[in-house]
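# Chains, contacts and geometry: an overview
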Amino acid sequence: MATDYDAPRKTEEDLSEDSLEELKARRSDKSSGVVDEDETEAAEGFELPGADLSGEELSVRVLPRQADEFTCSSCFLVHHRSQLAYEKNGKPICTECAA
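To keep things clear, this report deals only with the structure shown in the data block. (Residues numbered from 1 in each chain as written. Predicted model: local features only at pLDDT ≥ 70, side-chain atom pairs only at ≥ 80, totals over all residues. Heavy atoms only, no water.)

## Looking at the overall build of the protein chain
The number of helices and strands found in the protein chain is 4 helices and 4 strands. Tracing the protein chain from N to C terminus, the helices and strands come up as α-α-α-β-β-β-β-α. Per-residue burial over the protein chain gives 7% buried out of 99 residues. Restricting the contact set of the protein chain to residue pairs at least 6 apart, pairs at least 24 apart contribute 4%. Taken as a whole, the protein chain presents about 9500 Å² of accessible surface, with 51% of it coming from carbon and sulfur. (Helix = DSSP H or I, 4+ residues; strand = E, 2+ residues; numbered from the N terminus. Buried < 20%, exposed > 50% of the residue type's maximum accessible area, 1.4 Å probe, protein only. Contact = heavy atoms within 4.5 Å. Areas by Shrake-Rupley, 256 points an atom, 1.4 Å probe, with all protein chains shown as cover.)

This is how it looks when you write it as structure tokens:
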């Protein structure tokens, strides 16, 4: 919508002259067009293509911690020894947690 910046604007006096009834009428007119829609209900209706993974099976081979790896005592992730920042009270800390 185009705005005419040269058009006269209401001053403080003009705004105070608006009656309370006019303001109430404007407010009810603006809210009458608003639709109250539940976002969760609207989202349930959408189906993404390829989103159904109920028939998929994951096969992941889990390996025990290797000799050149350590478990960080702060984040509890297994890292390679090259990621060792320092040991605090004999417990290893990774470079990400040390930063």
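Alright, that's what it looks like, and here's the rest.
## A word on the pairing of strand β3 (residues 84–88)
Where β3 meets strand β4 (residues 91–94), 4 bridges bridge the pair, whose relative direction is antiparallel. Bridge assignment links Leu84 to a residue of β4, and that residue is Cys94. The turn linking β3 back onto β4 is made up of 2 residues, and Asn89 within it adopts a positive phi angle of 55 degrees. (Pairing = 2+ DSSP bridges.)

## Notes on a negative patch on the surface
On the surface, Glu37, Asp38, Glu39, Glu41 and Glu44 cluster together into a negatively charged patch. Assignment of secondary structure puts Glu44 in helix α3 (residues 39–44). (Patch = residues over 30% accessible without salt bridge, like charges linked within 9 Å, V, L, I, M, F, W, Y side chains within 5 Å. Salt bridge = Lys/Arg side-chain N within 4 Å of Asp/Glu carboxyl O. Lys, Arg positive; Asp, Glu negative; His and termini not counted. Charge placed at Lys NZ, Arg CZ, Asp CG, Glu CD.)

## Quick word on unusual backbone geometry
Here Phe76, not a glycine, exhibits a phi torsion of approximately 65 degrees, which is positive. As for its position among the elements, Phe76 is in the loop between β1 (69–71) and β2 (78–80). Classification of Phe76 as exposed rests on a relative accessible area of 61%. We note that Asn89 has phi near 55 degrees; this positive angle belongs to a residue other than glycine. As for its position among the elements, Asn89 is in the loop between β3 and β4.

## Digging into a nonpolar patch on the surface
The grouping of Leu58, Val60 and Val62 at the surface amounts to a nonpolar patch, some 410 Å² of accessible area in total. Checked against the element boundaries, Leu58 lands in the loop between α3 and β1. The exposure class of Leu58 is exposed, given its relative accessible area of 83%.

## Remarks on the side chain of His79
Position of His79 among the secondary structure elements: in strand β2. When its relative accessible area of 11% is taken as the criterion, His79 is described as buried. Filtering out sequence-adjacent residues up to four positions away, His79 remains in contact with Asp68, Glu69, Phe70, Cys72, Cys94 and Glu96.

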